[in-house]
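In case you want the letters, here they are:
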Amino acid sequence: MSTTTLARPRSPLINWLAVISLMLGIFAIVTSEILPIGLLTAIGADFGISDGTTGLTMTLPGIVAAVAAPTVTLTTARLDRRVMLCVLMAVLAVAGVLAAVATSYWVMLISRVLVGLTIGGFWSIGAGLAGRLMPPHAVGTATAVIFSAVPLGSVLGVPASTFIGNLAGWRTAFLVLAALAVLVLAALMMLLPPLPAHQVTNPRVLLDLLRTRGAAIALLATFLIVLAHFGTYTYVTPFLQDVTGLPPAAVSAVLLAYGIAGIAGNFLAGKAIATRLRAAFVTCGCLIAATTLLLPSVGGTTAGAVVLLMIWGLAYGGVPVCSQASFLTAAPHVPEAATVVFTSSFQATFALGAFLGGRVVDSFSVSTVMICGGLTALLMAVSLWSLLKPRCAGALHPADDRSRS
C-alpha cells in the first residue's frame, strides 16, 4: 500500500482520529445494510407483505453495491477522496430518513438503493486510505482498525437495531442510523485532510487480478460461504419467533449473544490468517454448515437455539476477515483493486443469498432454508480444502499468483 506525505504536518492523534472516522463510516454503512434482518417481521407487517418479499430490502443494496464498487471507484478515480467520502455519507443519511418516513414499500426500496450506492463507493474508497493517513510503520494497524468495522457492524448492528426497533418502532432504528451518518459526515469533514487522486485504479488492473489463481479461489470461497450465510441469517428472526417460539425481546437478546460471539470470531480469525488462512476459512465454513443444519432439529428449544447462534456468530465473525485476506494475499501490489473485487463479490453474493433464501422461505419454510444454507456452507469448506491441498496451498501466496498470471 502506497503512502504520501501530507501537505502540512498533522499530529498523530488527528491522523488516528481520521482513521477512526473512516472505521465509523464503514460501521454505519454495514449496519445500515443489514438493519432489516432483525426487523424483517415488523417491516413486512407494516407494509402487509411476506418475510420473503421483505427480504428484498436486503437483496437490493447488495446488487447496487456490487455494481457501485467498481463503477464509483473507476469513474471518480481522479476526484478528491475526501469529497467523495463526505458525499457518500450524506447520501446514507438521506437513505435513513427516507426509510423512516416511507409510506409505501416502493419508497422503502428506493432508500435501499441509496444504501447500496454508499456501500459500494465508500467501502472501496475508504478502506484503502490508511496508507495516506499514517506513517509506514502504522499502516497495518490502521488498516486493521478500519476493517474492524465490518465484523462490528455485522455482529453488533443487528441486535442493536432490533432492540431499538422493538423499543420504539422499526422506523426509529432507521432514524438513529441516519443520525449516526450525519455525525460521521461531520467527523470526516473535520478530520480528513484533502486527499487528491493518488493511485488510479483502471479496468485492466481489475481484469489482471481476476486472472490470478488466488483471486479465483477467493471468489469461489466467498461466493459459497456468503451465499450460505445470508441465505439463512436474513431469515433468522422469523426462525427464532416461529420455530423456537421466542418473543421479540428475547430475539434481541439472542442476536446480541450472536454479536458478542462474532467479535470473538473476528479477532480469532485475525490472528489465524497470518499463518493458517486456509484452515481458518474452512473452519468458518464447517461451523456455519453445522449450526444451520442442526437448527431445524435442535433450534426448537431456547437453549439449543442460543448455543447454535453463538457458534454461528463465532464462525461468521471470521468470514469477512478471511475473505478479505484471501483477495489481498492474491494481489498485495494492488490493494485498492483487491478491495474493489472483494467488496463487489461480497455484495453481489449477499444480494443473491438474501433473494434465494426468500424464495425458499416463501415456497417451503424457514427451516428448509437453514438446511439449504448448511449444505452450501459444507460445499464451500470441501471445495476450499480440496483446491488448496498442501501441495498447492501456496495458491493464495502472492509469489505463486504472479508466476501464474
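Details of the structure are given in the entry above.
Calculation notes
Residues numbered from 1 in each chain as written. Predicted model: local features only at pLDDT ≥ 70, side-chain atom pairs only at ≥ 80, totals over all residues. Heavy atoms only, no water. Helix = DSSP H or I, 4+ residues; strand = E, 2+ residues; numbered from the N terminus. Buried < 20%, exposed > 50% of the residue type's maximum accessible area, 1.4 Å probe, protein only. Contact = heavy atoms within 4.5 Å. Areas by Shrake-Rupley, 256 points an atom, 1.4 Å probe, with all protein chains shown as cover. Lys, Arg positive; Asp, Glu negative; His and termini not counted. Charge placed at Lys NZ, Arg CZ, Asp CG, Glu CD. Patch = residues over 30% accessible without salt bridge, like charges linked within 9 Å, V, L, I, M, F, W, Y side chains within 5 Å. Salt bridge = Lys/Arg side-chain N within 4 Å of Asp/Glu carboxyl O. Expected span 1.5 Å × (residues − 1). Axes fitted to C-alpha atoms, helices over the stretch in contact; angles between N-to-C directions. Parallel < 35°, antiparallel > 145°, perpendicular 65-115°, else oblique. Left-handed = near helix turned anticlockwise from the far one by under 90°. Nonpolar A, V, L, I, M, F, W, Y, C, P; charged D, E, K, R; others polar.

1. Some thoughts on the overall build of the protein
Along the backbone of the protein there are 19 helices and 0 strands. Projected onto its principal axes, the C-alpha positions of the protein cover 60 × 55 × 35 Å. In the protein, which comprises 405 residues, the proportion classed as buried is 56%. Once local pairs closer than 6 in sequence are excluded, the contacts in the protein between residues at least 24 apart make up 85%. For the protein, the accessible area works out to roughly 15400 Å², and carbon and sulfur atoms hold 72% of it. Of the side chains in the protein, 19 bear a positive and 10 a negative charge, and the two mean positions are spaced by 12 Å.

2. Concerning the environment of V321
Note on placement: V321 falls in helix 16 (residues 319-330). It is 8.9 Å that separates the C-alpha atoms of V321 and F281, two residues lying 40 residues apart in sequence. Contacts of V321, omitting those with residues within four sequence positions, involve N266, A269, G270 and I273.

3. Structural notes on a nonpolar patch on the surface
Taken together, the side chains of L293, I371, L375, L378 and V382 define a hydrophobic patch exposed on the protein surface, amounting to about 400 Å² of accessible area. Considering each element in turn, the nonpolar patch owes the most residues, 4 residues, to helix 18 (residues 366-387). Positionally, V382 belongs in helix 18. A residue is classified by how much of its surface remains accessible, and V382, at 46% relative accessible area, is partly exposed.

4. Some details on helix 15 (residues 302-317)
Given a rise of 1.5 Å per residue, 16 residues ought to cover 22 Å, and the 22 Å separating the end C-alpha atoms of helix 15 matches this to within 8%. Among the residues of helix 15, those classed as buried are G304, A305, L308, L309, W312, G313, A315, Y316 and G317.

5. Topic: the packing of helix 4 (residues 56-75) against helix 17 (residues 335-363)
Put simply, helix 4 and helix 17 touch, their axes get as near as 7 Å, and they point 160° apart. With respect to helix 17, the axis of helix 4 lies roughly antiparallel. In this structure, the crossing between helix 4 and helix 17 has a hand that is left-handed. Contacts between helix 4 and helix 17 involve L56, M58, T59, G62, I63, A65, A66, A69, P70 and T73 from the former and E336, V340, T343, S344, Q347, A348, F350, A351, A354 and F355 from the latter. In terms of residue class, the contact of helix 4 with helix 17 is built from 13 nonpolar, 6 polar and 1 charged.

Shape is all these values report; function is a separate question.
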